Amino acid sequence: MHIHGLIEDSASLANLCTRLAQQPFITVDTEFMRENTFWPELCLIQIADTNEAAAIDPMAPGIDMTPLLDLLVNNEDVLKVFHAGGQDLEIVYNLTGKTPHPLFDTQVAAMALGQGEQIGYSNLVETYLGITVDKGARFTDWSRRPLDKRQIDYAICDVTYLSEIFPKMLEKLRKTGRGDWLDEEMERIADPENYRNDPDEAWQRIRISSRKADVLGRLKALARWRELEAQGKNLPRGRIVKDETIADLAANPPRKQADLTRVRGLSAAWGGNDIGGRLMSAIEGATAMSATEMPARDDRKLPLGKEGALVADLLKLLLKIRARDINVASRLLARSDDLEALAAGQREGLSILEGWRFEQFGRDALALVEGQLGFTVRNGKLKMTRTEEPPQ
């Protein structure tokens, strides 16, 4: 494989993308910094096929990233392969309003192949290639320039190894017949709605016990205000105001700005400065949440009670057995909140009762809660056993 030097000019990048656009798949990774910013700062993009690999410097003066972004989000003929690519997809979405498509995530594929719940990249390389990844540069500040050869080599290895691993994984998936499972998962991961940042929806990320319409209305207004402040200043949300302080202000709103001096989590200066004034404007402009906007009560969040908790435990046991029997990561089959919802009596809107998950696990899970499935021990091994009729 030919490894290019760091690409820092538009012509070299355009030529590379023209060649990569003729390939059936490319492997992609990014290096970024976000500890001190709201938006992740893209510092390096690594890309490869089976013939060549390169690292691209998006911070290089005057470089035109359009050919690369077009390749990632507008070329439907080239499969884009990532490992645990959620944050990479978020970065591409922030730049383009789209996500890479079609998409393949090797961490998700490894779950379908029974190789762990969230296998790390180093373990994946060790498993498929027998190579120990040098982790010496993993704490690099990727925003600093210049990057030395060791740092660039470390970054490029992420995509060169992946270009060898992907065909091996694909062959295993073909043998197991689980490709259809992953098609559904990859479409879900690639959905741009997963990465859209809507300030009006920011309140849904904040935990609050109250279900009063006026409290939730203030929570929505405050979360929106914080989101816009954080975006405008390009600071992490918690640097503006922490979640628990937002929830406290929504539940116990101050009457005047001077009262902010007594709010835990805010400095005394907020009692008279501009940002404190904007916070008060958000509170004063809040309206009670409408009935149509109020969050629906979610059965899976309700207390199960002793009996329901036991049923949920039985479903978790069933999940372990089924995951073992078909050699797949249990996390790919079902989430704990789905199991608890099923135990509580919910039957609608559960992923385990739809598609391939229903065929592989949900049908048995439903039979268990309806008394048509039990457990037995055969030859020292726990097995599922069906009953002819559910118990009365």
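Residues numbered from 1 in each chain as written. Predicted model: local features only at pLDDT ≥ 70, side-chain atom pairs only at ≥ 80, totals over all residues. Heavy atoms only, no water.

Looking at an unreviewed UniProt entry, one finds the protein chain named Ribonuclease D, with Sphingomonas tagetis as its source organism. Listed under Cofactor (unreviewed entry) in UniProt, the entry text for the protein chain is "a divalent metal cation". (UniProt positions renumbered as here; feature names shortened; annotations may be inferred.)

A. Region of the structure containing the overall build of the protein chain. Scanning the protein chain from terminus to terminus reveals 15 helices and eight strands. Projecting the C-alpha coordinates of the protein chain onto the three principal axes gives extents of approximately 75 × 65 × 35 Å. Burial status across the protein chain gives 46% buried among its 392 residues. For the protein chain, contacts bridging at least 24 residues in sequence account for 63% of all contacts bridging at least 6. Accessible area for the protein chain stands at about 20200 Å²; split by element, carbon and sulfur atoms hold 48% of it. (Helix = DSSP H or I, 4+ residues; strand = E, 2+ residues; numbered from the N terminus. Buried < 20%, exposed > 50% of the residue type's maximum accessible area, 1.4 Å probe, protein only. Contact = heavy atoms within 4.5 Å. Areas by Shrake-Rupley, 256 points an atom, 1.4 Å probe, with all protein chains shown as cover.)

B. Molecular detail of the packing of helix α8 (residues 213-233) against helix α11 (residues 274-284). Remark: α8 packs on α11, axes separated minimally by 8 Å, with the N-to-C direction vectors making an angle of 145°. The way α8 lies across α11 gives a crossing that is right-handed. Residues R218, A221, L222, W225, E229 and K233 of α8 lie in contact with α11, whose contacting residues are I275, R278, L279, A282 and I283. Residue composition of the contact of α8 with α11, grouped by class: seven nonpolar, no polar and four charged. (Axes fitted to C-alpha atoms, helices over the stretch in contact; angles between N-to-C directions. Left-handed = near helix turned anticlockwise from the far one by under 90°. Nonpolar A, V, L, I, M, F, W, Y, C, P; charged D, E, K, R; others polar.)

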